[in-house]
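Okay, here's what each chain looks like letter by letter:
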Amino acid sequence: MEGCRIKVVSTEAKASAIVRQTKAEGVVTLYDILHKECPSLTDPQAALMVPTPYLATGILQTIYATLRVRRQDRTSDVVYERELLVMADGGTISLDWFSMDRDNQMQPIALIMSGVGGSSQEHHIRALAKALACSAAGFRVAVVNHRGTARTPITSPRPYDSGFTEDFRTTVKHVKALYASSKLVAIGFSMGANILTKYMGEEGTRCPLACAVAVCCPFDIKVSSAAINESNLLNNHVIQPAVMSTLMRAIRRASHLQVDPAWNLNVERIQQAKRLSELESELMVKISGYSSLDEYYEQSSSANLVDNIQTPFLAINALDDRITPPQGIPTGKFMANPNISLALVPHGGHLGFLTGIPPRIWFIKPIEEFVSAIIR
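Residues numbered from 1 in each chain as written. Predicted model: local features only at pLDDT ≥ 70, side-chain atom pairs only at ≥ 80, totals over all residues. Heavy atoms only, no water.

In this section: the overall build of the chain. Helix and strand counts for the chain stand at 13 helices and 13 strands. Considering only C-alpha atoms, the chain reaches an extent of 60 × 45 × 40 Å along its principal axes. The buried share among the 376 residues of the chain stands at 59%. Carbon together with sulfur atoms contributes 54% to the accessible area of the chain, which is approximately 15800 Å² in total. (Helix = DSSP H or I, 4+ residues; strand = E, 2+ residues; numbered from the N terminus. Buried < 20%, exposed > 50% of the residue type's maximum accessible area, 1.4 Å probe, protein only. Areas by Shrake-Rupley, 256 points an atom, 1.4 Å probe, with all protein chains shown as cover.)

In structure tokens:
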């Protein structure tokens, strides 16, 4: 079991940031939250992620999670209500709302953001939405669908990318305006985790979120891009086809839109792209005004801004993740910034974290524990 134990990286107890201070509780720090209210992460008996026996490696966990991303079961049977939100440049995102108590205007709100090509329809997103809505805290959940995903209308030629935080910033302002009295938390997955982490660093002390959780965050985009573009069985037959089919479908849906001539896009290269790096080089780099793919990776990486996060923050990463490998995690920064914490999980792959028979998603419980404890 020792090989399945969770390791939490953060500042020492005496240096940990204060989360709240009340007469009943006294001073409560981030360290207190982690070690007293998050047993899934720190309890000697419970802080384990024992992988499903037939999914014992990170590759198997990743493949299972990717190929069964649309599965339906009683843990994920949610029915959303959709809201479209138009951005300043004319682009459109969608918010898929779910709540067990729609008339309660004081409910805490959880924003959930998926990875590249993902949406509110992914199993782990639906399962987390239901768990948070049914928790004691009773969250109202809004899943943020990126431009062109989940059948969101494409109304601008500008796509989303790994470092584009403006859509999420606008979403947060919109939700806070709708529910001014509600506490707001956010959870991001993979690329969505990078966007969330980067946003929090950009906002610093202005961040309106009560807390955030980033799962499988590719803190260093150059490291994760090298991993996902490496030619191997997992990438060639599972990850790249899944990601590229979604992105290319969105590009075809946007073909009727007029693009800015200043972008100098090579449409033929875009249409013939087979790997994510090819698409990033021809599309994301040029649209964002970067001089090279390396500059795009550097400027998009949330690792550069982790130091600036001033809000309680938890990252969950698997050590056997082949898509966002551990060498890209800025571990030292988690030991220096008193507002942030990192849970290193020996097994889990990329967005897998499957335990038990039949497989169930491990990370849902620690996320629920953490965000519920922070807003209490």
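Here the focus is the pattern of salt bridges. Within the structure shown, the criterion is met by 18 salt bridges. Glu37 serves as the salt-bridge partner of Arg20, at 3.6 Å between the closest nitrogen and oxygen. Remark: Glu37 occurs in helix H1 (residues 30-37) and Arg20 occurs in strand E2 (residues 18-22); sequence separation between them is 17 residues. Taking relative accessible area as the criterion, Arg20 reaches 11% and is therefore assigned buried. (Salt bridge = Lys/Arg side-chain N within 4 Å of Asp/Glu carboxyl O.)

Let us now look at the environment of Gly148. If you trace the backbone, Gly148 turns up in the loop between strand E7 (140-145) and helix H5 (166-178). Between the C-alpha atom of Gly148 and that of Thr92, which follows or precedes it by 56 residues, the distance is 7.9 Å. Contact partners of Gly148, with chain neighbours within four places excluded, come to Ile154, Ala250 and Arg253. (Contact = heavy atoms within 4.5 Å.)

Let us now look at the pairing of strand E4 (residues 81-86). Summarising the sheet, E4 and strand E5 (residues 92-98) pair through six bridges and their orientation is antiparallel. Along E5, the bridge assignment pairs Val86 with Thr92. The loop that links E4 with its antiparallel partner E5 comprises five residues; one of these, Gly90, has a positive phi angle of about 95 degrees. (Pairing = 2+ DSSP bridges.)

Running from N to C, helix H4 (residues 123-134) and helix H13 (residues 364-375) point in directions that differ by 40 degrees, and their axes come no closer than 10 Å. Considering their axes alone, H4 and H13 lie oblique with respect to each other. At the point where H4 passes H13, the crossing takes the right-handed sense. Packed against H4, whose contacting residues are Ala127, Leu128, Ala131 and Leu132, the element H13 presents Ile364, Ile367, Glu368 and Val371 at the interface. Looking at the contact of H4 with H13 residue by residue, the class counts come to seven nonpolar, no polar and one charged. (Axes fitted to C-alpha atoms, helices over the stretch in contact; angles between N-to-C directions. Parallel < 35°, antiparallel > 145°, perpendicular 65-115°, else oblique. Left-handed = near helix turned anticlockwise from the far one by under 90°. Nonpolar A, V, L, I, M, F, W, Y, C, P; charged D, E, K, R; others polar.)

The complete set of buried residues in H1 reads Leu30, Asp32, Ile33 and Leu34. The secondary structure elements touched by the buried residues of H1 are strand E1 (7-9), E2, strand E3 (26-29), helix H2 (39-42), strand E11 (340-345) and H13.

Further remarks concern unusual backbone geometry. Ile357 connects to Pro358 through a cis peptide bond whose omega is -5 degrees. Turning to its location among the elements, Pro358 is positioned in the loop between strand E12 (354-355) and strand E13 (360-361). The backbone phi angle of Ala150 is positive, close to 55 degrees, even though this residue is not glycine. Even without glycine at this site, Ser190 takes up a positive phi of about 55 degrees. Taking the relative accessible area as the measure of exposure, Ser190 reaches 10% and is therefore buried.

With six of six residues buried, E7 is to be regarded as a mostly interior element. Where E5 and E7 come together, five bridges link them in antiparallel fashion. Looking across to E7, one finds that Ser94 is bridged to Asn145. Pairing of strand E6 (residues 109-113) with E7 involves five bridges; the strand directions are parallel. Within E7, the residue paired with Ile112 across the bridge is Val143. Between the parallel pair E6 and E7, the chain is carried across by H4, and the sense of this crossover is right-handed. (Right-handed = clockwise from strand over helix to strand, strands pointing away.)

On to H5. Between its first and last C-alpha, H5 extends 19 Å over 13 residues, near the 18 Å set by a 1.5 Å rise per residue. Buried within H5 we find Asp167, Phe168, Arg169, Thr171, Val172, His174 and Val175. Check the buried side of H5 and you find it contacts E4, E5, E6, E7, strand E8 (184-189) and helix H6 (191-203). (Expected span 1.5 Å × (residues − 1).)

Another aspect to go through is the packing of aromatic side chains. For the structure shown, the criterion picks out nine aromatic pairs. Relative to Tyr297, the ring of Tyr296 lies with its centre 5.7 Å away and its plane at 45 degrees, an arrangement referred to as tilted. When sorted by exposure, Tyr296 lands in the same class as Tyr297, which is buried. Residues Phe353 and Phe363 carry aromatic rings whose centres are separated by 5.6 Å and whose planes lie at 75 degrees to one another, so their mutual orientation is edge-to-face. (Phe/Tyr/Trp six-rings, centres within 6.5 Å; stacked < 30°, edge-to-face > 60°.)

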